Amino acid sequence: MTTTQNDEKKKEKDELDELVEFLSDKRSDVRKEAATIVAGLTGTDDGLQTLTVKKETLISPLLHLLGKDPPESTPAAQALINLTGHSLEVASVAVSKGAVERCIDFIKDSECAPVDLLLSLLANITKAEGGVHVLSQEGKPLEGFYIQRLVQLLVGGKPPETYDQAASVLCNVSRHPIGRKVILDLNGSIINLITPMLVSTCDIRRERIAATVQNLCCDSESRKKLLALDSEETPIVKALLRPISGAKVNKELSDNVRRGCAGAILLLAKEKEGREILKKLDAPFLLKQGYELEEEADVCDALEQTGDLFLKHGMVPDDMVPKDVPAEVIPEGEEGEEEELPPLVMGLKNSSLNQVD
């Protein structure tokens, strides 16, 4: 590297250090301008790469600005969303510096950063395992309190679109055992509230809740808990079947929703209790209808695997069994180990919502 290039790098480094210092200036107009510049830099790949190097000194002042008035807190939140969406390492640093707690505290304060941005940031930092553990308050007296609070906001927050990203946070939480424990415990109160969102008019809510339910089926213990909560009042399995049953009325157009529902049904079909509920709901016939109309590859694959399970357990009526398929029924209790589906994660990465011109 030439002397000139070294000098340019040093100048750039000095300017960035100065910019980070301005984020903590005593004057609000200086902090606002610095936050706006940082947010603008995070709208480009080069800017993200450059700022990521400064993560240890940059994240703390940006998090502090979240508690300021909107002119300062809004660009700070936008910058944090883009930085944590760009790098899981940055997300982990943010968690270690108290990002989860700050987001939760400031969501209650209308004078701080906009709630939709705080929830988007929370969605990104809960992609990091540490973020899930902090949010769940694992092992603490208030275990699950933050998650219950987010569900309450998702269900009753006004205006509703402000709280859509709470569904993304819930999805990320559900991919970890502690998250599944919190969501499925509490007498089913959370699952009762979120299941109806599978028919929400909001794509984000339907997609994230479908992914959440698939995540809740990631292990046998959680599947059994979920199936035990299925009832006439909260028909969880029936709600999962609807988007993938070939219904012509209110047809589900989102691939992500159908993918999540198909994945969840496949996993539930691994359990005896799940197969009993599916049989009562005439799932072999409904999924056959859905499969004939389905074009998305992952959904088709999940439906095919589910169909194989139905065949192996003698759930398919004779007139629906393909003639070239041998009748090989597996007695209950003699199933082999089958591969589980990986948990789904939701976050934001440089979406137009989060970038600053």
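Refer to the structure above for everything that follows.
On a predicted model such as this, the values are computed, not experimentally measured, just so you know.

Participant: Lay out the side chain of Ser174 in plain terms, naming residues and giving numbers.
Facilitator: With respect to the helices, strands and loops of the structure, Ser174 is situated in the loop between α11 (166–173) and α12 (177–184). With near-sequence residues (within four places) excluded, Ser174 lies in contact with Arg180, Ile183, Thr212, Asn215 and Leu216.

Participant: Go over the nonpolar core, please, and point to the residues and values.
Facilitator: Soluble globular proteins tend to bury their nonpolar side chains together. Counting residues in each nonpolar core, the largest one holds 102 residues, and the members touching the most others are Ile125 and Leu135. Filtering out sequence-adjacent residues up to four positions away, Ile125 remains in contact with Thr84, Ala91, Ala94, Val95, Ala99, Val100, Cys103 and Gly131.

Participant: Any chance you could break down the environment of Gly263 for me, citing the residues and the numbers?
Facilitator: Position of Gly263 among the secondary structure elements: in helix α17 (residues 255–268). Classification of Gly263 by relative accessible area gives buried; the value is 2%. Residues Gly263 and Asp298, 35 residues apart in the sequence, show an inter-C-alpha distance of 8.8 Å.

Participant: So what's going on with the environment of Leu65? Residues and values would help.
Facilitator: Mapped onto the fold, Leu65 is located in helix α4 (residues 55–65). A sequence separation of eleven residues divides Leu65 from Ala76, and the C-alpha atoms of the two residues are 6.3 Å apart. Leaving out residues up to four positions away in the same chain, Leu65 has contacts with Leu23, Arg31, Ala35, Glu72, Ser73 and Ala76.

Participant: So what about the pattern of salt bridges? Which residues, and what values?
Facilitator: Tallying each qualifying case throughout the model produces 20 salt bridges. Between Asp17 and Lys54 there is a salt bridge, with the nearest N and O atoms lying 2.5 Å from each other. Highlighted residues: Asp17 in helix α1 (residues 3–22) and Lys54 in the loop between α3 (45–52) and α4, separated in sequence by 37 residues. Its relative accessible area of 27% is what places Asp17 among the partly exposed residues. The partner of Arg258 in a salt bridge is Glu294, and the shortest N-O contact between them spans 2.8 Å. In this pair, Arg258 sits in helix α17 while Glu294 sits in the loop between α19 (283–293) and α20 (297–312), placing the two residues 36 residues apart along the sequence. Judged by its relative accessible area of 9%, Arg258 falls in the buried class. On the basis of relative accessible area, Glu294 is assigned to the buried category, the value being 13%.

Participant: Provide a residue-level description of the state of the cysteines, including the pertinent values.
Facilitator: By definition, a disulfide links two cysteine residues through a covalent bond between their sulfur atoms. Scanning the model with the defined rule gives zero disulfides in all. Looking at Cys218, it has no disulfide partner, and the nearest cysteine sulfur is the one in Cys217, 7.6 Å off.

Participant: Residue-level account of helix α7 (residues 99–107), with values.
Facilitator: What α7 keeps buried is the set Ala99, Val100, Cys103, Ile104, Phe106 and Ile107. Residues of α7 that are buried in the fold lie against α4, α6 (88–96), α8 (115–125), α9 (129–136) and α10 (145–156).

Parameters at a glance
Residues numbered from 1 in each chain as written. Predicted model: local features only at pLDDT ≥ 70, side-chain atom pairs only at ≥ 80, totals over all residues. Heavy atoms only, no water. Helix = DSSP H or I, 4+ residues; strand = E, 2+ residues; numbered from the N terminus. Contact = heavy atoms within 4.5 Å. Core = buried A, V, L, I, M, F, W, Y, C linked by side-chain atoms within 4.5 Å. Buried < 20%, exposed > 50% of the residue type's maximum accessible area, 1.4 Å probe, protein only. Salt bridge = Lys/Arg side-chain N within 4 Å of Asp/Glu carboxyl O. Disulfide = S-S within 2.5 Å.

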